[in-house]
Amino acid sequence: MVRIKERYLLVKILYPDELGSRPDLPDVVVINQPTTDKLNQAALLRGIREEVANLFGDYGSGAMEGGSLGLKYLSHATSTFILRISRSSYRLVWTALTFMNSIPIKNGKPCVFRVVHVSGTMRKVEEEAIRRARALIFAAQNDHNEKTDDPLSNIFGNPEQQNG
């Protein structure tokens, strides 16, 4: 018997339109703000399936049928979720997430869905999610202490400081 091979995608929801809107908060916190509680499992999966169908037509719709797409974890606080998808069609889902530009609910907020990790096991994706959450906490603490006028250098770092 052959086991079904799957991929797990760790996806982060980012809000770049909010940069600079809250000068009292570090930019790392603003771009990684919590997601609305109105976003639920059904709405997210429906939005992903619609985007796959929009981009890939009948081929994409057929690839998503049969329960090959599932949501394993959704955290509103960290704006993170983990998708389970068949190995043969995970690139279709990744592409659809890249092209999605708002939360798939009524009057959804503009955002960016960023696939940050792909793995064959749930355990490795969970470990990466924990590692990234810790790194985000440290980045927020450091950003609060060393905030500059340029929001992008607050998030990605200052190139002069990295080379020197």
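Structure shown above.
Residues numbered from 1 in each chain as written. Predicted model: local features only at pLDDT ≥ 70, side-chain atom pairs only at ≥ 80, totals over all residues. Heavy atoms only, no water.

Caption draft 1: Broad picture of the packing of aromatic side chains. This model, assessed by the stated rule, comprises 2 aromatic pairs. An angle of 70° between the planes, with centres 6.1 Å apart, marks the rings of Phe81 and Phe113 as edge-to-face. Of this pair, Phe81 sits in strand β3 (residues 80-86) while Phe113 sits in strand β4 (residues 112-119), and the two are 32 residues apart along the sequence. For the residue pair Phe81 and Phe113, the accessibility class agrees, reading buried in each case. Measuring from ring centre to ring centre gives 6.5 Å for Tyr90 and Trp94, while their planes differ by 35°; the resulting arrangement is tilted. Of this pair, Tyr90 and Trp94 both sit in helix α3 (residues 90-99), separated by 4 residues, roughly a single helical turn. Looking at Trp94, the relative accessible area reads 33%, which means it is partly exposed. Residue placement shows Lys109 over the ring face of Tyr15; its charged tip is 5.1 Å from the ring centre. (Phe/Tyr/Trp six-rings, centres within 6.5 Å; stacked < 30°, edge-to-face > 60°. Helix = DSSP H or I, 4+ residues; strand = E, 2+ residues; numbered from the N terminus. Buried < 20%, exposed > 50% of the residue type's maximum accessible area, 1.4 Å probe, protein only. Lys NZ or Arg CZ within 6 Å of the ring centre and 35° of its normal.)

Caption draft 2: Here's a closer look at the nonpolar core. Counting residues in each nonpolar core, the largest one holds 25 residues, and the members touching the most others are Leu9, Ile48, Phe81, Leu83, Val93, Leu97 and Phe113. Taken together, the elements giving at least two residues each to this core come down to β1 (6-14), α2 (41-64), β2 (69-75), β3, α3 and β4. Ranked by the residues each element gives to this core, the list is headed by α2, at 6 residues. Tyr8, Val116, Met122 and Ala129 belong to the second-largest nonpolar core, a separate cluster that totals 7 residues. (Core = buried A, V, L, I, M, F, W, Y, C linked by side-chain atoms within 4.5 Å.)

Caption draft 3: Broad picture of the environment of Ala140. Along the chain, the position of Ala140 falls in helix α4 (residues 122-145). When the C-alpha positions of Ala140 and Val29 are compared, they lie 6.2 Å apart, and in sequence the two are 111 residues distant.

Caption draft 4: A look at the sheet that holds β4. Spatial strand order, β2-β3-β1-β4: 4 strands in an open sheet with antiparallel pairing. Since the sheet does not close on itself, it has two edges, and those belong to β2 and β4, each with one partner. Strand-to-strand twist in this sheet, taken as the mean axis angle between neighbours without regard to direction, amounts to 25°. In this sheet, β3 lies alongside β2 in antiparallel orientation, the contact comprising 6 bridges. Residue pairing in the sheet places Leu74 in a bridge with Phe81 of β3. (Pairing = 2+ DSSP bridges. Axes fitted to C-alpha atoms, helices over the stretch in contact; angles between N-to-C directions.)

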